[in-house]
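Each chain is listed here by its residues.
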Amino acid sequence: MPTVARWWSSRTDPQRIDLYTRWSYYSTLVLLPPLLLLAVAADWAGPGRWVVLLLGAATLATTGACLWLTHRGFADRTARPDPTALTVAVVAGAVTVGAAVPATADGPSPALPWVVGLVSAAVLLGLSVTVPTRPLCAGAAAGGLLAGGLSLAEGNPPAAALVVGVSIAVTLVALATAFRFTVWILDVVQEMERTRGVQAQLAVAEERLRFARDLHDVMGRNLSAIAVKSQLAAELVRRGREGAVAELTDISRVAEESLREVRDVVRGYRGSDLPGELAGARSVLRAAGVEVTVTGEDDAVALPTAVQTALGWVVREAVTNVLRHSRARTCTIGLSTSGGGADLRVVNDGVTADGDRGAGLTGLAERLAATGGRLSARREGDRFVLTASVPVGVRV
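Predicted, not measured: the structure shown is a model, and the values here were computed from it.

Reading guide: rules and limits
- Residues numbered from 1 in each chain as written.
- Predicted model: local features only at pLDDT ≥ 70, side-chain atom pairs only at ≥ 80, totals over all residues.
- Heavy atoms only, no water.
- Buried < 20%, exposed > 50% of the residue type's maximum accessible area, 1.4 Å probe, protein only.
- Helix = DSSP H or I, 4+ residues; strand = E, 2+ residues; numbered from the N terminus.
- Pairing = 2+ DSSP bridges.
- Phe/Tyr/Trp six-rings, centres within 6.5 Å; stacked < 30°, edge-to-face > 60°.
- Salt bridge = Lys/Arg side-chain N within 4 Å of Asp/Glu carboxyl O.
- Axes fitted to C-alpha atoms, helices over the stretch in contact; angles between N-to-C directions.
- Contact = heavy atoms within 4.5 Å.
- 1 Å grid on protein atoms, 1.4 Å probe; cavity = no way out; pocket = protein on both sides within 12 Å on 5 of 7 lines; lining within 4 Å.
- Points joined across faces, edges and corners; volume = space filled by probe spheres on them.
- Nonpolar A, V, L, I, M, F, W, Y, C, P; charged D, E, K, R; others polar.
- Parallel < 35°, antiparallel > 145°, perpendicular 65-115°, else oblique.
- Left-handed = near helix turned anticlockwise from the far one by under 90°.

Colleague: Account for the pairing of strand E3 (residues 341-348), with residues named and values stated.
Modeller: Across the 8 residues of E3, 6 count as buried, placing the element largely inside the fold. Of the pairings in the sheet, the one linking strand E2 (residues 330-338) to E3 comprises 8 bridges and is antiparallel in character. Across the sheet, the residue bridging to Cys 331 is Asn 348, located in E3.

Right under this line is the structure:
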């Protein structure tokens, strides 16, 4: 039992809904043979052995064909129902109804209309994975009409046959639309999951574009200036004129300025200042559809630069793990400070099977350990808790 619980908890929400929907179909269809036999047993006429064998074989064939229709439908939601399986289901269902006639007593039989209803329900369930609602309702009405006509042919009064037909038609419509609704919910959940993945990719792509744009703005002008001044200095040296030393000195100044500006861009991109990293984490996670709560930002400003840098590593790695290794809906980032250091706690839900400690957290723990800090990562149900502590005197 614990193994089953761990297996179930390792599934994502869309995977759980998919499993629930599939097995709702399968379990309902598997109930067809015993329900049909119970309906026939209510008006059993003690038929011959061949009738019993034919009834059982036809019922199993109908169930098997409908199960295959369901399986194929979930495998490819855009494909049309398998014509071979559909033909087998219809023919076997007709044989089932035909075999139920000699199996029941002579005269008006309450069992035969419900045999038609059960067979119709199985076929409609097999089709409902890929067939829209309107054709299913039309099929349900046809099943009710057939059941009412058979009831009338069996000798039941017209009013009773009408009631039976309408009752079975309404039941079939309710059953088909209910199962079709669960398939629609599954489609919506899977589409939301795909959209969420696209949002995460767009958030990463947007950050890369921002960094590329900033780097271009910083380096474009300076590199152009270095190229022009280098050509001028080379020309001055070639002609033996004065001014080459001044140009070379200016090139060195521009190069140093460029190096300083690149470092500033990289700091902004990598979030070496903790307040900027927390703001970036909030922006990226919200863009990915995660509800974010950040506390302690005011304390981050007062921390030493080295402590902010160390905790900035933790925030970056935590956000990366939320985007790549979870299906999180919420994420909480909390910072607290004391006289001896700072503590950062990141909690997110939606942990999946691959949400355990990976190489990134291992490397981060080693980096913090080298500076006197420590890292703790653990799972609490469907939540992942990452805690980092860094002393005030850390040097990185």
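Colleague: Hey, could you go over the packing of aromatic side chains for me, with residue numbers and the actual values?
Modeller: Aromatic ring pairs: the centre-centre distance and the angle between the two ring planes describe each pair. Within the structure shown, the criterion is met by 4 aromatic pairs. Ring plane angle 85° and centroid distance 5.5 Å describe the contact between Tyr 25 and Phe 74, whose orientation is recorded as edge-to-face. Here Phe 74 lies in helix H4 (residues 49-75) and Tyr 25 lies in helix H2 (residues 13-30), a separation of 49 residues in the sequence. You'll find Tyr 25 and Phe 74 in the same group, each marked buried. An aromatic cluster is defined as three or more aromatic residues linked by ring pairs; in this entry it consists of Tyr 25, Phe 74 and Phe 179.

Colleague: How would you sum up the pattern of salt bridges? Please name residues and give values.
Modeller: Within the structure shown, the criterion is met by 7 salt bridges. One salt bridge connects Asp 82 with Arg 72, and the closest N-O pair in it is separated by 3.5 Å. Placement of Asp 82 in the loop between H4 and helix H5 (83-103) and of Arg 72 in helix H4 is noted, with a sequence separation of 10 residues between them. A residue is classified by how much of its surface remains accessible, and Asp 82, at 16% relative accessible area, is buried. Since its relative accessible area comes to 38%, Arg 72 is described here as partly exposed. A salt bridge links Arg 282 to Glu 297; the shortest N-O distance between them is 2.6 Å. Of the two residues, Arg 282 is situated in helix H10 (residues 274-287) and Glu 297 in helix H11 (residues 297-302); the sequence distance between them amounts to 15 residues.

Colleague: Any chance you could break down the sheet that holds E2 for me, citing the residues and the numbers?
Modeller: Across the sheet, which stays open at both edges, the 5 strands sit in the order E1-E2-E3-E5-E4 with mixed pairing between neighbours. Both edges of this open sheet fall to strand E1 (291-295) and strand E4 (374-380), since each of them pairs with a single strand only. Within this sheet the neighbouring strands show an average axis-to-axis angle of 10°, counted without direction. Bridge count for E3 against strand E5 (residues 383-391) is 8 bridges, and the pairing is antiparallel. Its bridge partner being in E5, Asp 343 is matched across the sheet by Ser 389. Here helix H12 (residues 305-325) sits on the sheet and contacts E2, E3, E4 and E5; the angle it forms with E5, its principal contact strand, is near 170°.

Colleague: Which residues make up empty space enclosed by the protein, and what values go with them?
Modeller: Overall, the coordinates contain 1 cavity of 30 Å³ or more when judged by the stated rule. Taken as a whole, the largest cavity encloses approximately 30 Å³ of empty space. Contributing to the lining of the largest cavity are Ala 318, Asn 321, Val 322, Val 346, Asn 348, Phe 384 and Leu 386. Of all the secondary structure elements, the ones that give two or more residues to the lining of the largest cavity are H12, E3 and E5. Among the elements that take part in the lining of the largest cavity, H12 stands out by supplying 3 residues, more than any other. Looking at the lining of the largest cavity residue by residue, the classes come out as 5 nonpolar, 2 polar and no charged.

Colleague: Run through the packing of H4 against H5, naming residues and quoting values.
Modeller: Where H4 meets H5, the closest approach of the two axes is 8 Å, and the angle between their N-to-C directions is 155°. It follows that H4 is roughly antiparallel to H5 by the angle criterion. In terms of crossing hand, the pair formed by H4 and H5 is left-handed. Contacts between H4 and H5 pair Val 51, Leu 54, Leu 55, Ala 58, Thr 59, Ala 61, Thr 62, Ala 65, Cys 66, Trp 68 and Leu 69 from the former with Ala 85, Leu 86, Val 88, Ala 89, Ala 92, Gly 93, Val 95, Thr 96, Ala 99, Ala 100, Pro 102 and Ala 103 from the latter. Along the lines of polarity and charge, the residues of the contact of H4 with H5 split into 19 nonpolar, 4 polar and no charged.

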